[in-house]
Amino acid sequence: MITGLRISTVWVLDQDSAKEFFVDKLGLEVLTDMTLGEGGMRWLTVGTKNQPNVQIALMVPGQPSLDPESAEQLRGLVSKGVLGAGAFNTDDCEADYRRLSERGVTFLQKPERRPYGIEAIFRDDSGNWFSLTQAFDKLDESADWA
């Protein structure tokens, strides 16, 4: 029986740069940073304090999971900025938008009201885009659902 999601991969172009972005700009924590075996693959994961059992693996496209041609195609898609990598929850989208903008995070969309909450869209340093969403409580009568 599946009980939850533990690790999700975000494809990045450079792990050191991605680590700096996710930790220094977004405020996530490094959960794992090690090399698997001598000369092996670097296993780098980050996550939030509030969800210690959910990890984001910051992976460069390549071996062992991808052949060279597929890895090159994936690097092209990442750098082109066409991949959406996920959605981060926030309890105050407007405040986080201001704070992250001051840290140099590039936003594609300012906070806007949506049927499900307030959402802003930003890019990481590799080109992936993410939603930053402050969800409306299902019982929130003041939400504008139009």
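Here the structure is shown first, and the text comes after it.
Residues numbered from 1 in each chain as written. Predicted model: local features only at pLDDT ≥ 70, side-chain atom pairs only at ≥ 80, totals over all residues. Heavy atoms only, no water.

Enquirer: Help me understand the sheet that holds strand β4 (residues 55-59) in this model?
Expert: Strand pairing in a sheet is mediated by backbone hydrogen bonds. Such pairs are either parallel or antiparallel. Strands sit in the order β1-β4-β3-β2 across an open sheet of 4 strands; the sheet is mixed. The open sheet has two free edges, formed respectively by β1 (7-11) and β2 (29-35), since each of these has just one partner strand. Mean inter-strand twist for the sheet, computed between neighbouring axes without regard to direction, equals 25°. Relative to β4, β1 is paired through 5 bridges, and the arrangement is parallel. Bridging across to β4, Thr 9 finds its partner in Ala 57. Helix α1 (residues 15-25) rests against β2, β3 (42-47) and β4 of the sheet, and its axis sits at about 10° to β3. (Pairing = 2+ DSSP bridges. Helix = DSSP H or I, 4+ residues; strand = E, 2+ residues; numbered from the N terminus. Axes fitted to C-alpha atoms, helices over the stretch in contact; angles between N-to-C directions. Contact = heavy atoms within 4.5 Å.)

Enquirer: Just to check I follow, could you spell out the sheet that holds strand β6 (residues 106-114) for this structure?
Expert: Here we have 4 strands laid out as an open sheet, ordered β5-β8-β7-β6, and mixed in their pairing. The sheet is open, and its two edges are formed by β5 (84-89) and β6, each paired on a single side. Taken over all neighbouring pairs, the strand axes of this sheet differ in orientation by 20° on average, direction set aside. Summarising the sheet, strand β7 (residues 117-123) and strand β8 (residues 129-135) pair through 7 bridges and their orientation is antiparallel. Looking at β8, one finds that Arg 123 is bridged to Trp 129.

Enquirer: What's the story with the pairing of β6 in this structure? I'm lost.
Expert: Remember that side chains alternate between the two faces of the sheet whenever the strand is regular. Where β6 and β7 come together, 6 bridges link them in antiparallel fashion. Note on β7: the bridge partner recorded for Arg 114 is Gly 117. In this structure, the hairpin formed by β6 and β7 is closed by a connection of 2 residues.

Enquirer: What is the right way to look at the environment of Pro 115 in this model?
Expert: Within the secondary structure, Pro 115 sits in the loop between β6 and β7. Put simply, Pro 115 and Ala 135 are 20 residues apart on the chain and 9.1 Å apart in space, counted from C-alpha to C-alpha.

Enquirer: Explain the layout of surface pockets here, please?
Expert: Rolling a probe over the atoms, with the probe sized like a water molecule, indicates the empty space that remains. By volume, the largest pocket is sized at about 810 Å³. Taken together, 28 residues form the lining of the largest pocket, with Leu 28, Thr 48, Gln 51, Phe 88 and Asn 89 sitting closest to its centre. Looking at the lining of the largest pocket, the elements with two or more residues in it are β1, β3, β4, β5, α3 (93-102) and β8. Top contributing element to the lining of the largest pocket by residue count: β5, with 5 residues. Here the lining of the largest pocket is composed, by residue class, of 14 nonpolar, 10 polar and 4 charged. (1 Å grid on protein atoms, 1.4 Å probe; cavity = no way out; pocket = protein on both sides within 12 Å on 5 of 7 lines; lining within 4 Å. Points joined across faces, edges and corners; volume = space filled by probe spheres on them. Nonpolar A, V, L, I, M, F, W, Y, C, P; charged D, E, K, R; others polar.)

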